[in-house]
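Okay, here's what each chain looks like letter by letter:
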Amino acid sequence: MPLIENGRIGEDAWSFIPDGEPVPNDRPVIISFERWQAERASFDGRNAKLGVRLKGGTLAGAIAPDLDRFALVAVEFPKFRDGRGFSTARELRERYGYAGEIRAVGHVIPDQYQFLVRTGFTSVEAPEGTNPESWANALTEITIAFQPSIDDTQPLSLLRRKLGVAG
Amino acid sequence: MNHIAPGARAGIYHYDEIDRRFVGERVEQFRRQVERRLSGELTEEEFKPIRLMNGLYLQLHAYMLRIAVPYGVMSAVQLRKLAEIGRTYDKGYGHFTTRQNLQYNWIKLEDTPAILNALADVDMHALQTSGNCVRNVTTDQFVGAAKDEVVDGRVYAEILRQWTSLHPEFTYLPRKFKIAISGAASDRAAVRVHDVGLLARRNEAGEAGFTFYVGGGLGRSPFIGKLVREWVAEEDFVAYLEAILRVYNQYGRRDNIYKARIKILVHELGLEKFKAEVEEEFARLRGPKYRLDPAIVAEIRTHFAPPPFEDLPETSSALERAKAENPAFANWVAVNVAEHKAPGYAIATISLKPPGGIPGDASCDQMDVIADLAEQYSFGELRVSHVQNIVLAHVKQDELYALWQKLDAVNLGTANAGLIGDIIACPGLDYCALANARAIPLAQAISARFADPLRQRTIGELGIKISGCINACGHHHVAAIGILGVDKKGTEFYQITVGGDPTLTTAIGDILGPAVTEHEAVDAIEAIVEVYLANRTGESERFLDTLARVGHGPFKERIYAAD
């Protein structure tokens, strides 16, 4: 599936390994949070990068104690209308200080891309056949924001501000 | 853009280049989204919340477009534009809502981009008037004018308007989210039946702060908002709200839309657990990033500076003379005029509830007249109240008579604010796809039955609110007399509740007995009124007080005696 990064389609170095299939040791893989819970000891001593995929109902706190083991957290949107993932990403960044990649997976639409970026996501797994132009536009069509973004340090005294391109 | 200069006006947040650019970009964004829907790139399911967040509903017969009137305040210039749009794209009228907005009920989808452009010309839009986001923040319709005001709620409502606009984290909430602010001793904003209800107050040092109620709401499971924090300092205002919304966004139910409002979360989690979750987030969020800088509050406050009031005596002899000469005018003053904080001024409520009329409807010609009168008598500013009336907040007492004569000439001089004819009704089955029964015809029949202004005055403070279905858009739960439309095997019936109260002594009404037919409903209401009048100890005992004293018994006996 196409990976969207910085408003463009990018190369995906990661692959998701479904539960029950063997986990390769020589390349970056994403496993489910459930598998991590069941088989965590089997990943001790692993050298290649590991990512974890959280289902929609799994909130940031569940993975917080183990965040240092993961170079990527994939947050699933079961439906694009289900906005829990925005808070999950923000909690990962703000509350638990996570600095790795946060990827949106599942059902998201380009119209949410700017919100994803502003709450701390770094990449999006888009559906096959998605229109790349819509993702690119989504970062530039609104140039004003009224709230601080995840990477803003300025206080609310700048309630309204003009955004940089990547917001 | 051929932007219309706002001109001299009081109490209106003046858009600058940034606000205007934002609205312009949103209009353009929506135009592209419509194109992507038409090309099939967006599915209908994906387009629906986008359409809703731009104010566009699909109703029973046509599209409805709901225009945002932030905290119910607008300028005469803006109202004139709304009249022009109603004339051009609707059927010559508009409908003022319980959310202090305006909606057009007969809109064509293909006209919406042109309408949004016309609105943008006067710094208006339809953003976030629907959808599972934070909706238009409402406040006291007497804000900035009421004699009992402690804190000007407009300042904080405007801060929230900004902070909630396309909030990246809170635009796909479990369900809609409504915030109301009251900054006066009397609550005219029904704060405890909102998702978040705020009482703005001052501490001993004179600093502004807020009491937070969370989890109020009507609908099929009515709840009264619970106190979650007695005092939140002004600088923590946004941080605390951010904490509440983050808890809600994460834990609110998404498996059942009827259980998705924050009231259900607070109920299921329990107040103490909910408070603990919010406090934990708040403790972390509290800090420089989310601190509401006093400088920005001060800047926004400058938009709401008092208009240039003249130095006038406390009372007006011209007013007293006019009242003595014209009893109908005197009655209107007694019922529809409230005390103003500035000497010699008054607050006038324009009732949109003429006997037999549709509550909240105004013709475009009436809107033009109101716009003219707002310019002539109230610094070019007006408000929409949550009970679906219009308020001119700053009228010289000397000029009330002239104002009333002009209102009366266009059927806007009805003296029934807060009385039995001042009915709230949802659009009901005449418009709404969710409704089980019609609400408007019943409102018309009741207001016609009680048309006599003196009879209304004798009855005194008594609110009737009608909802056409259990979603309770007509607020029937908190009415002194509430009416709920139900469907029984294809026939419309009406269930009557009594004892509801939307003010700070909030109460949900109780069902009086079996539902009645539309024809019986008007007689039943009249019977309730007669029982009240026969039982009250005197004119100062309100309907709610009598009901509390005598209970349901005498009312039930009278209505259901024949059964």
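A quick note: this is a predicted structure, and the numbers were derived from the prediction, not measured. (Residues numbered from 1 in each chain as written. Chains lettered and ligands numbered in written order. Predicted model: local features only at pLDDT ≥ 70, side-chain atom pairs only at ≥ 80, totals over all residues.)

### Considerations on the overall build of chain B
Part 1: Looking only at helices and strands, chain B features 18 helices and 21 strands.
Part 2: Compactness check: chain B gives a C-alpha radius of gyration of 23 Å against a globular reference of 24 Å for 563 residues, within 12% of the reference.
Part 3: Looking at chain B as a whole, 56% of its 563 residues qualify as buried.
Part 4: Counted over contacts in chain B with a minimum sequence separation of 6, partners at least 24 positions apart contribute 68%. (Helix = DSSP H or I, 4+ residues; strand = E, 2+ residues; numbered from the N terminus. Rg over C-alpha atoms; globule rule 2.2 N^0.38 Å. Buried ≥ 20, exposed ≤ 12 C-beta atoms within 10 Å, placed from the backbone. Contact = placed C-beta atoms within 7 Å.)

### Structural notes on the overall build of chain A
Part 1: For chain A, the helix and strand inventory stands at five helices and ten strands.
Part 2: Relative to the globule expectation of 15 Å for 167 residues, the C-alpha radius of gyration of chain A, 16 Å, shows essentially globular dimensions.
Part 3: Along the longest, intermediate and shortest principal axes, the C-alpha atoms of chain A span 50 × 35 × 25 Å.
Part 4: Looking at chain A as a whole, 35% of its 167 residues are labelled buried.

### Focus: the sheet that holds strand β3 (residues 73-75) of chain B
Residue and element names in this part refer to chain B.
Part 1: In spatial order, the strands read β3-β14-β15-β12-β11; together these five strands make up an open sheet with antiparallel pairing. The open sheet terminates on both sides in strands that have one partner only, identified here as β3 and β11 (337-339). When the angles between neighbouring strand axes are averaged without regard to direction, this sheet yields 35 degrees. (Pairing = 2+ DSSP bridges. Axes fitted to C-alpha atoms, helices over the stretch in contact; angles between N-to-C directions.)

### Structural notes on the interface of chain A and chain B
Think of interface size as the accessible area that goes away when the parts come together; that is how it is often given.
Part 1: Opposite the 31 residues of chain A that make contact, chain B presents 37 residues.
Part 2: Those elements that provide at least two residues to the side of chain A that touches chain B are α3 (84-95) and α4 (113-118) of chain A.
Part 3: Per-element accounting of the side of chain A that touches chain B gives the leading share, five residues, to α3(A).
Part 4: Looking at the side of chain A that touches chain B residue by residue, the class counts come to twelve nonpolar, ten polar and nine charged. (Nonpolar A, V, L, I, M, F, W, Y, C, P; charged D, E, K, R; others polar.)

### Details of helix α1 (residues 17-38) of chain B
Part 1: For α1(B), spanning 22 residues, the distance from its first C-alpha to its last is 32 Å, which sits close to the expected 32 Å at 1.5 Å a residue.
Part 2: Restricting attention to buried positions, one finds in α1(B) the residues B:Phe22, B:Val23, B:Arg26, B:Val27, B:Phe30, B:Gln33, B:Val34 and B:Arg36.
Part 3: Where the residues of α1(B) are buried, they touch α5 (132-138) and β9 (144-145) of chain A together with α2 (44-53) and α4 (112-121) of chain B.
Part 4: At the C-terminal side of α1(B), B:Gly40 shows a positive phi close to 90 degrees. (Expected span 1.5 Å × (residues − 1).)

### Digging into the UniProt feature "domain: Nitrite/sulphite reductase 4Fe-4S" (unreviewed entry) in chain B
Residue and element names in this part refer to chain B.
Part 1: Cross-referencing UniProt, the feature "domain: Nitrite/sulphite reductase 4Fe-4S" (unreviewed entry) maps to residues 130-283 and 423-559 in the present numbering.
Part 2: End-to-end, the C-alpha atoms of residues 130-283 are 31 Å apart, and along that stretch the chain is 31% helix and 18% strand.
Part 3: Along residues 423-559 the backbone is 36% helical and 19% strand, and the end-to-end C-alpha distance reaches 21 Å. (UniProt positions renumbered as here; feature names shortened; annotations may be inferred.)

### Some points on the sheet that holds strand β4 (residues 93-96) of chain B
All names here are of chain B.
Part 1: A sheet is described by the order of its strands in space; here five strands give the open sequence β1-β2-β5-β4-β13, paired in antiparallel fashion. Whereas interior strands pair on both sides, the edge strands pair on one side only; in this sheet they are β1 (56-58) and β13 (361-363). When the angles between neighbouring strand axes are averaged without regard to direction, this sheet yields 30 degrees.
Part 2: Packing of helix α12 (residues 364-377) onto the sheet brings it into contact with β4 and β13, and relative to β13 it is tilted by some 85 degrees.

### Section: the packing of helix α5 (residues 153-164) of chain B against helix α9 (residues 294-303) of chain B
Think of two packed helices as two axes; the pair is described by the angle between the axes and how far apart they sit.
All names here are of chain B.
Part 1: Viewed as axis vectors pointing N to C, α5 and α9 meet at an angle of 115 degrees, and their least axial separation amounts to 9 Å. Put simply, α5 runs roughly perpendicular to α9. The way α5 lies across α9 gives a crossing that is right-handed. Along the contact surface, α5 presents Val155, Glu158 and Ile159, while α9 presents Val297, Ile300 and Arg301.
Part 2: Counted by class, the contact of α5 with α9 contains four nonpolar, no polar and two charged residues. (Parallel < 35°, antiparallel > 145°, perpendicular 65-115°, else oblique. Left-handed = near helix turned anticlockwise from the far one by under 90°.)

### So, the domain arrangement of chain B
Residue and element names in this part refer to chain B.
Part 1: For chain B, the assigned domains are domain 1 (17-121), domain 2 (145-302), domain 3 (317-409) and domain 4 (424-560).
Part 2: Spacing between the C-alpha centres of domain 2 and domain 3 amounts to 32 Å.
Part 3: At the interface, six residues of domain 2 touch seven residues of domain 3.
Part 4: Residues belonging to the side of domain 2 that touches domain 3 are distributed by class as follows: four nonpolar, no polar and two charged. (Domains from an automatic or database assignment.)

### Describing unusual backbone geometry
All names here are of chain B.
Part 1: Backbone geometry at Gln100 places phi at a positive 65 degrees, although glycine is not the residue there.
Part 2: Among the secondary structure elements, Gln100 is positioned in the loop between β4 and β5 (102-107).
Part 3: Looking at Gln100, the number of C-beta atoms within 10 Å reads 26, which means it is buried.
Part 4: Even without a glycine there, the phi angle at Ala472 is positive, about 65 degrees.
Part 5: Examined against the element boundaries, Ala472 turns out to sit in the loop between β17 (464-467) and β18 (481-488).

### Re the nonpolar core
Part 1: Counting residues in each nonpolar core, the largest one holds 213 residues, and the members touching the most others are A:Val73, B:Ile244, B:Ile370 and B:Leu400.
Part 2: In terms of residues, this core owes the most to one element, helix α6 (residues 237-251) of chain B, which gives ten residues.
Part 3: Ignoring sequence-local partners within four residues, the contact set of A:Val73 consists of A:Gly51, A:Val52, A:Leu54, A:Ile63, A:Leu92, A:Tyr98, A:Gly100 and A:Ile102. (Core = buried A, V, L, I, M, F, W, Y, C linked by C-beta atoms within 7 Å.)

### A short note on the pairing of strand β7 (residues 179-182) of chain B
Residue and element names in this part refer to chain B.
Part 1: Residues Ile179 and Ile181 point to one face of β7 and Ala180 and Ser182 to the other, with burial holding for every one of them.
Part 2: Sheet analysis places strand β6 (residues 138-139) next to β7, joined by two bridges and oriented parallel. Note that in β7 the partner of Thr138 across the bridge is Ala180.
Part 3: Where β7 lies against strand β8 (residues 196-202), four bridges are found, and the strand directions are parallel.

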